[in-house]
Amino acid sequence: MARSNFTVEVTRVRQLTERVREYLLSSVDGRPLPEYGPGAHIAVHTVSPTRGLIVRHYSLIGGTDREDDPRDTYRIAVQRESDTRGSAHIHATFAPSVRIEIGPPVNDFPLDRRDARVLLIAGGIGITPIFSMARSLARRNRAFEIVYAGRNRAAMALHDELAGLARDAATFHYSDTAGVLDLAAVLARQPEGTVVYVCGPVPMVEATHAAAKALGWHTGRVHSELFGAGAPCTPHAFDVKLARSGRTVHVGEDASILDALGAAGVPVLWDCRRGECGLCPLTVLSSDGALEHRDRYLSDEEKAAGDQMCICVSRTQGREIVLDA
Ligand SMILES: Cc1cc2nc3c(=O)[nH]c(=O)nc-3n(C[C@H](O)[C@H](O)[C@H](O)COP(=O)(O)OP(=O)(O)OC[C@H]3O[C@@H](n4cnc5c(N)ncnc54)[C@H](O)[C@@H]3O)c2cc1C
Ligand code: FES
């Protein structure tokens, strides 16, 4: 909302795995799109007839194993997470010539070009920013190793492209047959000074940080990005009472408070919609159940105080919550 969005056109769709589709998004007038570095992502805005505005974030892949994308094109890959939510809506509606609104690239997971030696770790769809980093490192002839874990080869997007790109530097781990990846062993064999970039499911990212800590590594040596909100939530519906207007808005079990207020036409501030930027917190006047804080913005003390919440991801375990709005 705060930054200026622009329109792009879907120019190509490619099925990468049963659940992952790659989309090429091109500028509508052939002009270059804003530049970005490895690890960057864009916010994709779409409107569902049933759910209203849907904003989801997708990493920019940057090109194939062989060539960079042209300056007027972005490449993303979207994994369908369920049959009803944002990623399913994208799979159902994004087709060549469809126009969509996106935000400019944002990079919360930048690759430091000065790193002497890099270990990249990807789990599942977490390959998207990691592939973009591998492209950058391979093109600059930098020393790196990449470990890509997934259930099996067929389920792993960009598997063969990565093999072509990284060659001997790539190791593939198939958990269907090999079980959980031993991250402690992967980190333990790294030469002194290796810097790690990891993107994948929460347990994988947490295990990487834990392994680095156990080895006595400085915390700055492990960089990570998570695709989802911090803690899982209990899916149940509740009502939000708005103290200033006296209105009550129902929040369905599969919607956030922010989604529900937006659909009801209540003006609210937001940007990241994933509990990180701190634009959406509202004052909580009362709640008949414990608050489920799922953001990474509020401090532990602020969460414990229970008088504010990030409405983009957090919920109540009760049936009614009263907000100062
Ligand atoms: C920086 C970044 C890069 C990403 N890159 C990729 C990528 O390259 N490819 C890819 O496939 N995915 C990527 N993702 C994940 C992507 O943005 C979506 O989260 C994913 O597609 C699932 O969306 P969904 O709507 O299907 O699932 P959902 O689970 O419905 O929605 C996902 C988001 O909405 C919130 N949400 C949903 N329901 C509720 C509720 N009831 N209450 C509160 N909050 C709720 C979730 O907490 C979550 O943040 C990335 C995410 C981030 C943050
Ligand atoms: S919109 Fe960024 S924290 Fe909620």
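Residues numbered from 1 in each chain as written. Chains lettered and ligands numbered in written order. Predicted model: local features only at pLDDT ≥ 70, side-chain atom pairs only at ≥ 80, totals over all residues. Heavy atoms only, no water.

A. Just the sheet that holds strand S2 (residues 20–27), in detail. Strands sit in the order S4-S3-S6-S1-S2-S5 across an open sheet of 6 strands; the sheet is antiparallel. This sheet does not close on itself; its edge strands, each paired only once, are strand S4 (52–59) and strand S5 (73–79). Sheet twist, expressed as the mean angle between neighbouring strand axes with direction ignored, is 40 degrees. Pairing of strand S1 (residues 6–15) with strand S6 (residues 99–102) involves 4 bridges; the strand directions are antiparallel. Residue Val-8 lies in a different strand from S6, and its bridge partner there is Ile-100. (Pairing = 2+ DSSP bridges. Helix = DSSP H or I, 4+ residues; strand = E, 2+ residues; numbered from the N terminus. Axes fitted to C-alpha atoms, helices over the stretch in contact; angles between N-to-C directions.)

B. Local environment of the site of ligand 1. Neighbouring ligand 1 are 27 residues; Arg-56, Tyr-58, Arg-85, Ser-87 and Arg-315 lie closest to it. The backbone of His-57 places a nitrogen or oxygen atom 2.7 Å from an oxygen atom of ligand 1. In this structure, an oxygen atom belonging to ligand 1 sits 2.8 Å away from a main-chain N or O atom of Gln-79. Protein contact buries 92% of the 930 Å² of open area that ligand 1 shows by itself. When contributions to the shell around ligand 1 are tallied by element, the ones reaching two or more residues are S4, S5 and helix H1 (86–93). With 4 residues, S4 is the largest single contributor of residues to the shell around ligand 1. (Near = heavy atom within 4 Å. Polar contact = N/O pair within 3.5 Å; in protein donor to acceptor, adjacent residues only side chain to side chain. Areas by Shrake-Rupley, 256 points an atom, 1.4 Å probe, with all protein chains shown as cover.)

C. Structural detail: the sheet that holds strand S14 (residues 282–287). If you trace the 5 strands from one edge of the open sheet to the other, you get S13-S12-S18-S14-S16, paired in mixed fashion. Because the sheet does not close on itself, it has two edges, and the strands there are strand S13 (248–251) and strand S16 (308–309). In this sheet, strand S18 (residues 320–323) lies alongside S14 in antiparallel orientation, the contact comprising 3 bridges. Residue Ser-286 lies in a different strand from S18, and its bridge partner there is Val-322.

D. Highlighting helix H2 (residues 127–139). Given a rise of 1.5 Å per residue, 13 residues ought to cover 18 Å, and the 18 Å separating the end C-alpha atoms of H2 matches this to within 8%. Counting buried positions over the 13 residues of H2 gives 11, a clear majority of the element. The set of residues buried in H2 consists of Ile-127, Thr-128, Pro-129, Ile-130, Phe-131, Ser-132, Met-133, Ala-134, Arg-135, Ser-136 and Leu-137. The positive-phi residue at the C-terminal boundary of H2 is Asn-141, with phi of around 55 degrees. (Expected span 1.5 Å × (residues − 1). Buried < 20%, exposed > 50% of the residue type's maximum accessible area, 1.4 Å probe, protein only.)

E. Just the pattern of salt bridges, in detail. Evaluation of the coordinates by the stated rule reveals 19 salt bridges. Between Arg-99 and Glu-9 there is a salt bridge whose closest N-O contact spans 3.0 Å. On the criterion of sequence distance, the pair formed by Arg-99 in strand S6 and Glu-9 in strand S1 is long-range, its members being 90 residues apart. In this structure Glu-9 comes out as partly exposed when scored by relative accessible area, which is 21%. Between Asp-160 and Arg-153 there is a salt bridge, and its shortest N-O distance comes to 3.0 Å. Look at Arg-153 and you get partly exposed, because its relative accessible area is 48%. Among the charged side chains, a salt-bridge network with shared partners connects Arg-12, Arg-14, Glu-22, Asp-69, Arg-75 and Glu-161. (Salt bridge = Lys/Arg side-chain N within 4 Å of Asp/Glu carboxyl O.)

F. Local environment of the layout of surface pockets. If you add up the space inside the second largest pocket, you get close to 390 Å³. If you trace the second largest pocket, you find 23 residues lining it, with Tyr-36, Gly-37, Gly-62, Arg-135 and Arg-139 closest to the centre. When residues in the lining of the second largest pocket are grouped by element, the largest group, 4 residues, is from H2. Within the lining of the second largest pocket, the residues separate by chemical class into 9 nonpolar, 6 polar and 8 charged. Counting contributing residues per domain, the lining of the second largest pocket is built from domain 1 (6–102) and domain 2 (118–225), each supplying no fewer than three. (1 Å grid on protein atoms, 1.4 Å probe; cavity = no way out; pocket = protein on both sides within 12 Å on 5 of 7 lines; lining within 4 Å. Points joined across faces, edges and corners; volume = space filled by probe spheres on them. Nonpolar A, V, L, I, M, F, W, Y, C, P; charged D, E, K, R; others polar. Domains from an automatic or database assignment.)

G. Structural detail: the environment of Leu-60. Checked against the element boundaries, Leu-60 lands in the loop between S4 and S5. Relative accessible area serves as the criterion here: at 0%, Leu-60 is assigned to the buried category. Through-space distance from the C-alpha of Leu-60 to that of His-41 is 5.2 Å; in sequence the pair is 19 residues apart. Look past the residues within four positions of Leu-60 in its chain and what remains in contact with it is Tyr-36, Ala-40, His-41, Ile-42, Tyr-74, Arg-75, Ile-76, Pro-105, Thr-128 and Ser-132. (Contact = heavy atoms within 4.5 Å.)

H. Summary view of the packing of aromatic side chains. Within this structure, the stated rule accounts for 4 aromatic pairs. Aromatic pair Tyr-36 and Tyr-74: ring centres 5.5 Å apart, planes at 80 degrees, arrangement edge-to-face. With a gap of 38 residues between them, Tyr-36 in the loop between S2 and strand S3 (41–48) and Tyr-74 in strand S5 connect regions that are remote in the sequence. Looking at Tyr-36, the relative accessible area reads 28%, which means it is partly exposed. Classification of Tyr-74 by relative accessible area gives buried; the value is 1%. When the ring of Tyr-148 is compared with that of Phe-172, the centres are 6.2 Å apart and the planes differ by 55 degrees; the resulting orientation is tilted. In this pair, Tyr-148 sits in strand S8 (residues 144–150) while Phe-172 sits in strand S9 (residues 170–174), placing the two residues 24 residues apart along the sequence. You can call Tyr-148 buried: its relative accessible area is 0%. (Phe/Tyr/Trp six-rings, centres within 6.5 Å; stacked < 30°, edge-to-face > 60°.)

This is a description of form; function is not addressed.
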